[in-house]
Amino acid sequence: IKQRWRENGIGKHKDAYQVILDGVKGGTKEKRLAAQFIPKFFKHFPELADSAINAQLDLCEDEDVSIRRQAIKELPQFATGENLPRVADILTQLLQTDDSAEFNLVNNALLSIFKMDAKGTLGGLFSQILQGEDIVRERAIKFLSTKLKTLPDEVLTKEVEELILTESKKVLEDVTGEEFVLFMKILSGLKSLQTVSGRQQLVELVAEQADLEQTFNPSDPDCVDRLLQCTRQAVPLFSKNVHSTRFVTYFCEQVLPNLGTLTTPVEGLDIQLEVLKLLAEMSSFCGDMEKLETNLRKLFDKLLEYMPLPPEEAENGENAGNEEPKLQFSYVECLLYSFHQLGRKLPDFLTAKLNAEKLKDFKIRLQYFARGLQVYIRQLRLALQGKTGEALKTEENKIKVVALKITNNINVLIKDLFHIPPSYKSTVTLSWKPVQKVEIGQKRASEDTTSGSPPKKSSAGPKRDARQIYNPPSGKYSSNLGNFNYEQRGAFRGSRGGRGWGTRGNRSRGRLY
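Since the model is a prediction, treat every value here as computed from it, not as a measurement.

### Considering the environment of Arg246
Link 1 in the chain: By secondary structure assignment, the location of Arg246 is in helix H14 (residues 245–255).
Link 2 in the chain: Under the relative-accessibility criterion, Arg246 is labelled partly exposed at 45%.
Link 3 in the chain: It is 9.7 Å that separates the C-alpha atoms of Arg246 and Glu204, two residues lying 42 residues apart in sequence.
Link 4 in the chain: In contact with Arg246, not counting residues within four places along its chain, are Ala207, Leu212 and Glu213.

Written out as structure tokens, the structure is:
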């Protein structure tokens, strides 16, 4: 047919092409031929473009799976000029298919037209993300989060990345927690945002989502969960040039005073410890703080809550009370580390800002805690002595290794504070963070160069779903290790809507293209 038409001039056979278009209303054989010939001759009949596209779309919805697949496979041939955004929009809607073969064809077709015109394809994708059905929106976002990183640099130009950022900001006005995490993954992977200024932009985006200007409501699980989700996304972006000051300030002023009343929708999550761990991670990168002394005092007061005074002794030298105070090592590691980091910015806090009685009380608590600490460290070292390789990989020994990291960290920090005057020079690696090994003579790659990459998260942030929490036993002389829990990760509840964390209205169903 093509040879015969070429001899006589393809464009003169408009009536014949119309017959091919009408073939979509015929039987199975006619439809299969139409699925192949409509796209093949499409470019020769611009006046029939709309009819041709609509005919091909009818085939994309045919009951015969083989016809549907053939029609979808040929859709990129329609993606020319002003038709491309429409084809991208159509393909995005077709992502809702439950047929795995069709779904792969749609993905391949989208990637194909992405390479033809990235900006036009993004127009179709974001149109559906903003206005389409929930299932289409969900799959379009996942497409971007998984496929963008596979595209070559000549496709993802600076202009294209700017468009992705602009459109993403519109979407972020109304997202669920899961969607927010995916968009942070998308944006943090863009080359233009892997610079210091780029990371700063991302931190500002997260801060806006976290509502740091609003009063914190500890009794609202959604409010708590949103803050934690946002903070988790911000933590890997902080560095010596991208400061965490706004987040640390908010945690000190709004969250710490309400630590005991926090609520969470995530069953089994130690929400207080989660908050303290995030604060500890951020404290290393806190810049100049306006109300440093006030916030340091709040942090200090919270630390005192977890550092008990020694129990009173009766006349016979025995403890007057029935129980020894419980030493919360995991909590103290976080609070002591945060205090140590912020204390560097006001080194005379303990000596000049506290009265003598308060300082004396603190040192008594430190001394008591340090005594119990030494007992645990000896017990743990004895339990792990001589164990190597596979022996250290048992669940029980993994717990003890983590516990030893926690207690050693606290020991180092307490020694610093016992100096006269208190010192803030020691460096420790938080027990749940991997130890950074740097070869002697080898310069560590800086994360703060203008062309560098953002700090890498170990698959979705330091894997907090597998992060270990050590709950020490009650009583400083107990030889039993406490319970050990795997922390559960929370997510934003409900659908998007309102400020992005409420309920999103249902979208109408049916063909929109």
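### Here we look at the pattern of salt bridges
Link 1 in the chain: Applying the stated criterion across every chain, the model contains 21 salt bridges.
Link 2 in the chain: Note that Arg137 and Glu179 form a salt bridge whose closest N and O atoms lie 2.9 Å from each other. Of the two residues, Arg137 sits in helix H9 (residues 134–147) while Glu179 sits in helix H11 (residues 177–188), which places them 42 residues apart along the sequence.
Link 3 in the chain: We classify Arg137 as buried; its relative accessible area is 2%.
Link 4 in the chain: Its relative accessible area of 8% is what places Glu179 among the buried residues.
Link 5 in the chain: Between Glu305 and Lys302 there is a salt bridge, and its shortest N-O distance comes to 3.3 Å. Taken together, the residues span about one helical turn, with Glu305 and Lys302 both in helix H16 (residues 292–305) at a distance of 3 residues.
Link 6 in the chain: Each of Glu293, Arg297 and Lys353 takes part in a single network of salt bridges with overlapping partners.

### Regarding the side chain of Ser244
Link 1 in the chain: Inspection of the secondary structure puts Ser244 in the loop between helix H13 (221–234) and H14.
Link 2 in the chain: Ser244 gets classed as buried once you look at its relative accessible area, which sits at 0%.
Link 3 in the chain: Ignoring anything within four residues of it in the chain, the contact list for Ser244 reads Phe238, Met282, Phe285 and Cys286.

### Structural notes on the nonpolar core
Link 1 in the chain: Ranked by size, the top nonpolar core spans 149 residues in total, and within it Tyr17, Ile38, Phe247 and Leu350 carry the most contacts.
Link 2 in the chain: A total of 11 residues in this core trace back to one element, the largest contributor, which is helix H19 (residues 356–384).
Link 3 in the chain: Split by domain, this core shows at least three residues from each of two domains, domain 1 (194–288) and domain 2 (289–310 + 327–431).
Link 4 in the chain: Those residues within four positions of Leu350 in sequence are excluded, and the remaining contacts are Phe300, Phe339, Leu359, Phe362, Leu417, Pro422 and Tyr424.

### As for the confidence of the model for the protein
Link 1 in the chain: Confidence in the prediction of the protein, expressed as mean pLDDT, is 83, and 80% of residues score 70 or more.
Link 2 in the chain: For residues 438–500, every residue scores under 50 in pLDDT, and the model assigns this stretch 175 contacts once sequence neighbours within four places are set aside.
Link 3 in the chain: Per-residue pLDDT stays below 50 along residues 502–513; that stretch engages in 37 contacts with residues further than four places along the chain or on separate chains.

### Some remarks on the environment of Pro422
Link 1 in the chain: When you line up the elements, Pro422 lands in the loop between helix H20 (395–418) and strand S1 (468–470).
Link 2 in the chain: The class of Pro422 is buried, set by a relative accessible area of 11%.
Link 3 in the chain: Along the sequence, Pro422 and Asp348 sit 74 residues apart, while their C-alpha atoms lie 8.0 Å from each other.
Link 4 in the chain: In contact with Pro422, other than residues within four places in its own chain, are Leu350, Thr351, Asp416 and Leu417.

### Looking at helix H6 (residues 84–93)
Link 1 in the chain: For H6, the buried fraction is high: 8 of the 10 residues fall into the buried class.
Link 2 in the chain: Looking at H6, one finds that the buried residues are Leu84, Val87, Ala88, Asp89, Ile90, Leu91, Thr92 and Gln93.
Link 3 in the chain: Turning to H6, the residues buried within the fold contact helix H4 (49–60), helix H7 (100–116), helix H8 (118–131) and H9.

### Here we look at the packing of helix H2 (residues 14–22) against helix H3 (residues 28–41)
Relative placement of two packed helices is described by the angle separating their axes and the distance separating the axes.
Link 1 in the chain: One way to put it is that H2 packs onto H3 with a least axis distance of 9 Å and a crossing angle of 140°. Classified by the angle their axes make, H2 and H3 are oblique. In this structure, the crossing between H2 and H3 has a hand that is left-handed. In contact with Tyr17, Ile20 and Leu21 of H2, H3 contributes Ala34, Phe37, Ile38 and Phe41.
Link 2 in the chain: For the contact of H2 with H3, the class distribution of residues is 7 nonpolar, no polar and no charged.

Cut-offs and rules
- Residues numbered from 1 in each chain as written.
- Predicted model: local features only at pLDDT ≥ 70, side-chain atom pairs only at ≥ 80, totals over all residues.
- Heavy atoms only, no water.
- Helix = DSSP H or I, 4+ residues; strand = E, 2+ residues; numbered from the N terminus.
- Buried < 20%, exposed > 50% of the residue type's maximum accessible area, 1.4 Å probe, protein only.
- Contact = heavy atoms within 4.5 Å.
- Salt bridge = Lys/Arg side-chain N within 4 Å of Asp/Glu carboxyl O.
- Core = buried A, V, L, I, M, F, W, Y, C linked by side-chain atoms within 4.5 Å.
- Domains from an automatic or database assignment.
- pLDDT = per-residue confidence, 0-100.
- Axes fitted to C-alpha atoms, helices over the stretch in contact; angles between N-to-C directions.
- Parallel < 35°, antiparallel > 145°, perpendicular 65-115°, else oblique.
- Left-handed = near helix turned anticlockwise from the far one by under 90°.
- Nonpolar A, V, L, I, M, F, W, Y, C, P; charged D, E, K, R; others polar.

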